[in-house]
Amino acid sequence: DARVTQTPRHKVTEMGQEVTMRCQPILGHNTVFWYRQTMMQGLELLAYFRNRAPLDDSGMPKDRFSAEMPDATLATLKIQPSEPRDSAVYFCASGRDRGYGYTFGSGTRLTVV
Amino acid sequence: AQSVTQLGSHVSVSEGALVLLRCNYSSSVPPYLFWYVQYPNQGLQLLLKYTTGATLVKGINGFEAEFKKSETSFHLTKPSAHMSDAAEYFCAVSSLGGNQGGKLIFGQGTELSVKP
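All of these numbers come straight from a predicted model, not from anything done at the bench. Note that residues are indexed from 1 along each chain, following the sequence as it is written. Written order decides the labels, with chains lettered from A and ligands numbered from 1. Whole-chain, interface and lining totals are the exception, using all residues; otherwise, since this is a predicted model, local features are given only for residues with pLDDT of at least 70 and side-chain atom pairs are given and counted only at 80 or more. Where side-chain values are given, they derive from all heavy atoms of the structure, hydrogens and water being excluded.

This next bit is on the overall build of chain B. The number of helices and strands found in chain B is zero helices and eleven strands. When the helices and strands of chain B are placed in sequence order, the string is β-β-β-β-β-β-β-β-β-β-β. Taking 116 residues into account, the globule formula puts the C-alpha radius of gyration at 13 Å, and chain B, at 14 Å, falls close to it. Taken over the C-alpha atoms alone, chain B extends approximately 45 × 30 × 20 Å along its principal axes. Working definition: with a 1.4 Å probe on protein chains only, accessible area under 20% of the residue-type maximum means buried, over 50% means exposed, and in between means partly exposed. The 116 residues of chain B split such that 44% are buried. In what follows, a contact means two residues having at least one pair of non-hydrogen atoms within 4.5 Å. Considering only intrachain contacts with a sequence separation of at least 6, the fraction spanning at least 24 residues in chain B is 57%. Accessible areas in this description were obtained via Shrake-Rupley with a 1.4 Å probe; residue shielding takes into account the shown protein chains only. A total accessible area of about 5500 Å² is found for chain B, and carbon and sulfur atoms account for 53% of it. The centroid of the 8 positive side-chain charges in chain B is displaced by 7 Å from the centroid of its 7 negative side-chain charges. Secondary structure is summarised from DSSP: a helix means a run of H or I of at least four residues, a strand means a run of E of at least two, and numbering begins at the N terminus for each. As defined in this context, the radius of gyration uses C-alpha atoms, and a globule is described by 2.2 Å times the residue total to the power 0.38. Counted as positive: Lys and Arg. Counted as negative: Asp and Glu, with His and the chain ends omitted from the count. Working definition for charges: the position is that of NZ of Lys, CZ of Arg, CG of Asp or CD of Glu.

Written out as C-alpha coordinates, the structure is:
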(Lines give C-alpha, C1' and ligand atoms only; values in the text may rest on other atoms or scores of the structure.)
Protein backbone atom coordinates (compact mmCIF):
# COMPACT_ATOMS: atom_id res chain seq x y z
CA ASP A 1 0.00 0.00 0.00
CA ALA A 2 1.14 3.53 -0.76
CA ARG A 3 2.14 5.51 2.32
CA VAL A 4 2.71 9.05 3.44
CA THR A 5 6.19 9.09 4.96
CA GLN A 6 7.06 11.46 7.76
CA THR A 7 10.49 12.03 9.25
CA PRO A 8 11.65 12.04 11.95
CA ARG A 9 9.18 9.91 13.94
CA HIS A 10 10.39 11.41 17.21
CA LYS A 11 12.25 14.60 17.97
CA VAL A 12 13.40 15.99 21.29
CA THR A 13 14.91 19.45 21.17
CA GLU A 14 15.74 22.32 23.43
CA MET A 15 13.70 25.48 23.54
CA GLY A 16 14.94 27.99 20.97
CA GLN A 17 16.24 25.42 18.51
CA GLU A 18 15.03 25.10 14.94
CA VAL A 19 12.96 22.04 14.08
CA THR A 20 12.25 20.78 10.59
CA MET A 21 9.72 18.06 9.90
CA ARG A 22 9.45 16.40 6.51
CA CYS A 23 6.67 14.68 4.65
CA GLN A 24 6.73 12.67 1.46
CA PRO A 25 3.20 12.58 0.05
CA ILE A 26 1.91 9.66 -1.97
CA LEU A 27 2.97 9.89 -5.60
CA GLY A 28 0.20 11.50 -7.66
CA HIS A 29 -1.49 13.19 -4.73
CA ASN A 30 -1.86 16.93 -5.28
CA THR A 31 -3.20 18.00 -1.88
CA VAL A 32 -1.16 18.09 1.33
CA PHE A 33 -2.19 19.01 4.87
CA TRP A 34 -0.23 19.60 8.06
CA TYR A 35 -2.10 18.99 11.33
CA ARG A 36 -1.03 19.30 14.93
CA GLN A 37 -2.55 17.02 17.57
CA THR A 38 -2.57 17.72 21.30
CA MET A 39 -4.72 16.45 24.14
CA MET A 40 -6.09 19.91 24.83
CA GLN A 41 -6.76 21.17 21.29
CA GLY A 42 -7.31 17.96 19.36
CA LEU A 43 -6.48 18.08 15.64
CA GLU A 44 -5.64 21.57 14.43
CA LEU A 45 -5.13 22.38 10.77
CA LEU A 46 -1.86 24.25 10.33
CA ALA A 47 -1.41 24.43 6.57
CA TYR A 48 -2.96 23.19 3.37
CA PHE A 49 -1.45 22.97 -0.12
CA ARG A 50 -2.89 22.10 -3.48
CA ASN A 51 -0.56 21.58 -6.44
CA ARG A 52 2.23 22.89 -4.17
CA ALA A 53 0.50 26.26 -3.70
CA PRO A 54 -0.46 27.24 -0.15
CA LEU A 55 -4.23 27.65 0.15
CA ASP A 56 -4.64 28.20 3.85
CA ASP A 57 -2.12 28.62 6.64
CA SER A 58 -4.35 30.64 8.92
CA GLY A 59 -4.02 28.05 11.68
CA MET A 60 -0.26 28.41 11.84
CA PRO A 61 1.58 30.85 14.14
CA LYS A 62 3.37 32.79 11.41
CA ASP A 63 5.99 34.33 13.64
CA ARG A 64 7.67 30.97 14.22
CA PHE A 65 6.13 28.41 11.87
CA SER A 66 6.60 28.06 8.12
CA ALA A 67 5.39 25.43 5.67
CA GLU A 68 6.65 24.84 2.15
CA MET A 69 6.52 22.38 -0.72
CA PRO A 70 9.84 22.69 -2.55
CA ASP A 71 8.65 20.03 -4.97
CA ALA A 72 5.78 17.60 -5.40
CA THR A 73 7.55 14.90 -3.41
CA LEU A 74 8.41 16.91 -0.31
CA ALA A 75 6.53 19.07 2.18
CA THR A 76 8.30 20.67 5.12
CA LEU A 77 7.13 22.25 8.35
CA LYS A 78 9.65 24.36 10.19
CA ILE A 79 9.53 25.86 13.67
CA GLN A 80 12.04 28.54 14.58
CA PRO A 81 12.50 29.14 17.44
CA SER A 82 10.76 26.20 19.10
CA GLU A 83 8.94 26.57 22.42
CA PRO A 84 7.69 24.00 24.95
CA ARG A 85 4.08 24.73 23.92
CA ASP A 86 4.93 23.38 20.45
CA SER A 87 5.23 19.88 21.92
CA ALA A 88 2.68 17.80 20.04
CA VAL A 89 2.30 15.18 17.34
CA TYR A 90 2.46 16.69 13.86
CA PHE A 91 0.70 14.83 11.07
CA CYS A 92 0.99 15.18 7.34
CA ALA A 93 -1.80 13.93 5.07
CA SER A 94 -2.11 13.77 1.30
CA GLY A 95 -4.93 13.18 -1.16
CA ARG A 96 -5.93 13.40 -4.79
CA ASP A 97 -9.11 15.46 -4.92
CA ARG A 98 -11.75 16.95 -2.74
CA GLY A 99 -13.88 13.91 -2.11
CA TYR A 100 -11.11 11.40 -2.10
CA GLY A 101 -10.34 11.18 1.59
CA TYR A 102 -6.83 11.70 2.73
CA THR A 103 -4.05 9.35 3.79
CA PHE A 104 -2.21 10.26 6.96
CA GLY A 105 1.39 9.65 7.85
CA SER A 106 2.43 8.15 11.19
CA GLY A 107 3.30 11.56 12.58
CA THR A 108 6.29 13.28 14.17
CA ARG A 109 6.18 13.39 17.95
CA LEU A 110 7.91 16.61 18.96
CA THR A 111 9.03 17.33 22.50
CA VAL A 112 10.52 20.73 23.27
CA VAL A 113 12.25 20.93 26.64
CA ALA B 1 -17.64 28.15 7.91
CA GLN B 2 -17.70 24.44 8.47
CA SER B 3 -17.59 22.68 11.81
CA VAL B 4 -18.05 19.26 13.34
CA THR B 5 -19.40 18.31 16.76
CA GLN B 6 -18.91 14.85 18.16
CA LEU B 7 -21.24 14.12 21.06
CA GLY B 8 -19.43 12.32 23.84
CA SER B 9 -15.68 12.38 24.24
CA HIS B 10 -15.76 8.87 25.70
CA VAL B 11 -18.06 5.98 24.87
CA SER B 12 -17.87 2.59 26.55
CA VAL B 13 -19.62 -0.53 25.27
CA SER B 14 -19.49 -4.22 26.04
CA GLU B 15 -18.05 -6.65 23.53
CA GLY B 16 -20.83 -7.71 21.17
CA ALA B 17 -22.95 -4.62 21.85
CA LEU B 18 -23.97 -1.97 19.35
CA VAL B 19 -21.52 0.85 18.75
CA LEU B 20 -23.00 4.30 18.09
CA LEU B 21 -20.74 7.32 17.76
CA ARG B 22 -22.49 10.61 17.08
CA CYS B 23 -21.42 13.34 14.69
CA ASN B 24 -23.20 16.53 13.68
CA TYR B 25 -21.82 18.96 11.15
CA SER B 26 -22.35 22.51 10.03
CA SER B 27 -21.78 23.46 6.43
CA SER B 28 -23.19 26.11 4.12
CA VAL B 29 -22.46 23.98 1.07
CA PRO B 30 -23.04 20.29 0.36
CA PRO B 31 -20.58 18.48 2.57
CA TYR B 32 -18.25 15.58 2.14
CA LEU B 33 -18.14 13.62 5.40
CA PHE B 34 -15.55 11.23 6.75
CA TRP B 35 -14.88 9.00 9.71
CA TYR B 36 -11.30 8.23 10.67
CA VAL B 37 -9.94 5.88 13.34
CA GLN B 38 -6.73 6.37 15.30
CA TYR B 39 -5.08 3.56 17.23
CA PRO B 40 -2.54 4.46 19.94
CA ASN B 41 0.68 5.96 18.59
CA GLN B 42 -0.51 5.72 15.00
CA GLY B 43 -1.80 8.05 12.33
CA LEU B 44 -5.42 8.36 11.28
CA GLN B 45 -6.94 5.73 9.03
CA LEU B 46 -9.96 6.35 6.82
CA LEU B 47 -12.94 4.22 7.88
CA LEU B 48 -15.52 5.48 5.41
CA LYS B 49 -16.68 8.54 3.51
CA TYR B 50 -19.81 10.12 2.09
CA THR B 51 -19.55 12.27 -1.02
CA THR B 52 -22.68 11.85 -3.11
CA GLY B 53 -25.23 9.14 -3.86
CA ALA B 54 -26.37 6.53 -1.36
CA THR B 55 -26.70 8.02 2.10
CA LEU B 56 -25.86 4.78 3.91
CA VAL B 57 -22.15 4.23 3.58
CA LYS B 58 -20.29 1.06 4.48
CA GLY B 59 -16.68 1.12 5.53
CA ILE B 60 -13.95 -1.13 6.78
CA ASN B 61 -14.09 -3.35 9.85
CA GLY B 62 -17.91 -3.63 9.72
CA PHE B 63 -18.61 0.05 10.35
CA GLU B 64 -21.25 2.06 8.55
CA ALA B 65 -22.63 5.58 8.71
CA GLU B 66 -25.74 7.30 7.45
CA PHE B 67 -25.84 10.83 6.09
CA LYS B 68 -29.02 12.59 7.23
CA LYS B 69 -29.22 16.02 5.69
CA SER B 70 -32.34 17.05 7.62
CA GLU B 71 -30.57 16.30 10.90
CA THR B 72 -27.10 17.43 9.72
CA SER B 73 -25.80 14.19 11.14
CA PHE B 74 -23.39 11.44 10.12
CA HIS B 75 -23.44 8.95 12.97
CA LEU B 76 -21.13 5.92 12.93
CA THR B 77 -22.46 2.49 13.87
CA LYS B 78 -21.33 -1.10 14.15
CA PRO B 79 -23.77 -3.86 15.12
CA SER B 80 -21.37 -5.81 17.34
CA ALA B 81 -18.31 -4.34 19.04
CA HIS B 82 -15.03 -6.21 19.11
CA MET B 83 -12.16 -5.63 21.50
CA SER B 84 -10.03 -4.51 18.56
CA ASP B 85 -12.42 -1.60 17.93
CA ALA B 86 -11.07 0.24 20.97
CA ALA B 87 -9.55 3.41 19.54
CA GLU B 88 -10.23 7.10 18.98
CA TYR B 89 -12.69 7.99 16.25
CA PHE B 90 -12.80 11.29 14.41
CA CYS B 91 -15.57 12.71 12.26
CA ALA B 92 -14.53 15.24 9.61
CA VAL B 93 -16.18 17.53 7.09
CA SER B 94 -14.95 18.88 3.80
CA SER B 95 -16.63 20.59 0.88
CA LEU B 96 -16.49 20.85 -2.86
CA GLY B 97 -17.03 24.56 -3.19
CA GLY B 98 -14.75 27.57 -3.11
CA ASN B 99 -11.02 27.90 -3.39
CA GLN B 100 -10.67 26.13 -0.07
CA GLY B 101 -12.86 23.23 -1.06
CA GLY B 102 -11.26 20.10 0.21
CA LYS B 103 -10.09 21.56 3.51
CA LEU B 104 -10.68 18.85 6.11
CA ILE B 105 -12.08 19.98 9.45
CA PHE B 106 -12.16 17.48 12.33
CA GLY B 107 -14.32 17.03 15.38
CA GLN B 108 -12.75 16.65 18.80
CA GLY B 109 -12.80 12.88 18.67
CA THR B 110 -14.56 10.13 20.62
CA GLU B 111 -12.60 7.52 22.50
CA LEU B 112 -14.27 4.13 22.28
CA SER B 113 -13.63 1.59 25.03
CA VAL B 114 -14.79 -2.02 24.67
CA LYS B 115 -15.31 -4.06 27.83
CA PRO B 116 -14.96 -7.85 27.79
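Next comes the rest of the description.
With 24 residues of chain B at the interface, the matching set in chain A holds 23 residues. By buried area we mean how much accessible surface two parts lose on assembly, using a 1.4 Å probe and totalling the loss over both. Where chain B abuts chain A, roughly 1700 Å² becomes buried across the two surfaces, and 52% of that area is made up of carbon and sulfur atoms. On the chain B side of the contact with chain A, B:L44, B:K103 and B:L104 bury the most area, a combined 23% of that side's loss. Any carboxyl oxygen of Asp or Glu that lies within 4 Å of a side-chain nitrogen of Lys or Arg is treated as forming a salt bridge with it. The interface formed by chain B and chain A includes zero salt bridges. Any pair of N or O atoms that falls within 3.5 Å is considered a polar contact. Within protein, one atom must be able to donate a hydrogen and the other to accept it, and sequence-neighbouring residues count only if both atoms are side-chain atoms. In this assembly, chain B and chain A are joined by four residue pairs in polar contact (both at pLDDT 80 or more). Listing elements by their share of the side of chain B that touches chain A, those giving two or more residues are β4 (31–38), β5 (44–50) and β9 (87–95) of chain B. It is β4(B) that provides the largest number of residues to the side of chain B that touches chain A, a total of four residues.

Moving on, we come to the pairing of β5(B). All names here are of chain B. Across six bridges, β4 lies against β5 in antiparallel orientation. In the strand pairing of β5, L33 is matched with Y50. The rule for pairing is simple: two strands pair if DSSP sees at least two bridges between them. From the end of β4 to the start of β5, which pair antiparallel, there are five residues, and N41 there has a positive phi angle of about 60°.

This brings us to the nonpolar core. In this text, buried Ala, Val, Leu, Ile, Met, Phe, Trp, Tyr and Cys residues form a nonpolar core when linked through side-chain atoms within 4.5 Å. Membership of the largest hydrophobic core comes to 27 residues, with the highest contact counts inside it found for B:W35, B:L48, B:L76 and B:Y89. At the level of secondary structure, the elements contributing two or more residues to this core comprise β2 (10–14), β3 (19–26), β4, β5, β7 (64–68), β8 (73–78), β9 and β11 (110–115) of chain B. Judged by nonpolar contacts, the second largest core, of 22 residues, contains A:V19, A:L46, A:I79 and A:L110.

All right, on to the pattern of salt bridges then. Residue and element names in this part refer to chain A. Summed over all chains, the structure comprises seven salt bridges over all chains. In this structure, D57 engages K62 in a salt bridge whose closest nitrogen and oxygen atoms are separated by 3.5 Å. On the accessibility criterion, D57 (30% relative accessible area) is partly exposed. Ionic pairing is found between E83 and R64, a salt bridge with its closest N-O pair at 3.5 Å. In this pair, E83 sits in the loop between β8 (74–79) and β9 (88–95) while R64 sits in the loop between β6 (53–56) and β7 (65–71), placing the two residues 19 residues apart along the sequence. Classification of R64 by relative accessible area gives buried; the value is 7%. In this structure, a network of salt bridges that share partners links the residues R64, E83, R85 and D86.

As a further point, take the packing of aromatic side chains. Note on ring pairs: Phe, Tyr and Trp rings are taken, using the six-membered ring of Trp, and paired if centres are within 6.5 Å. Classes follow the plane angle, with under 30 degrees stacked, over 60 edge-to-face and the rest tilted. The tally for this structure, following the rule as stated, stands at 14 aromatic pairs over all chains. A centroid spacing of 4.8 Å and a plane angle of 5° characterise the contact between A:F33 and A:Y48, whose relative ring orientation is stacked. Separated by 15 residues along the polypeptide, A:F33 in strand β4 (residues 31–38) and A:Y48 in strand β5 (residues 42–50) bring together distant segments of the chain. With respect to burial, A:F33 and A:Y48 carry one shared label: buried. With centroids separated by 6.0 Å and ring planes inclined at 35°, the aromatic side chains of B:Y25 and B:F67 adopt a geometry described as tilted. Pair noted here: B:Y25 is in strand β3 and B:F67 is in strand β7, with a separation of 42 residues, a long-range link. Of the two residues examined, B:Y25 and B:F67, each falls in the buried class. The rings of A:F33, A:Y35, A:Y48, A:F91, A:Y102, A:F104, B:F34, B:Y36, B:F90 and B:F106 are connected pair by pair, giving a single aromatic cluster.

Looking now at the state of the cysteines. Residues and elements named next belong to chain A. The rule for a disulfide is simple: a pair of cysteine sulfur atoms within 2.5 Å. For the structure on display, the rule yields two disulfides over all chains. Each sulfur in the disulfide pair C23 and C92 lies 1.9 Å from the other. The sign of the S-S torsion, about -60°, decides the handedness of the disulfide formed by C23 and C92: left-handed. In this pair, C23 sits in strand β3 (residues 19–24) while C92 sits in strand β9, placing the two residues 69 residues apart along the sequence.

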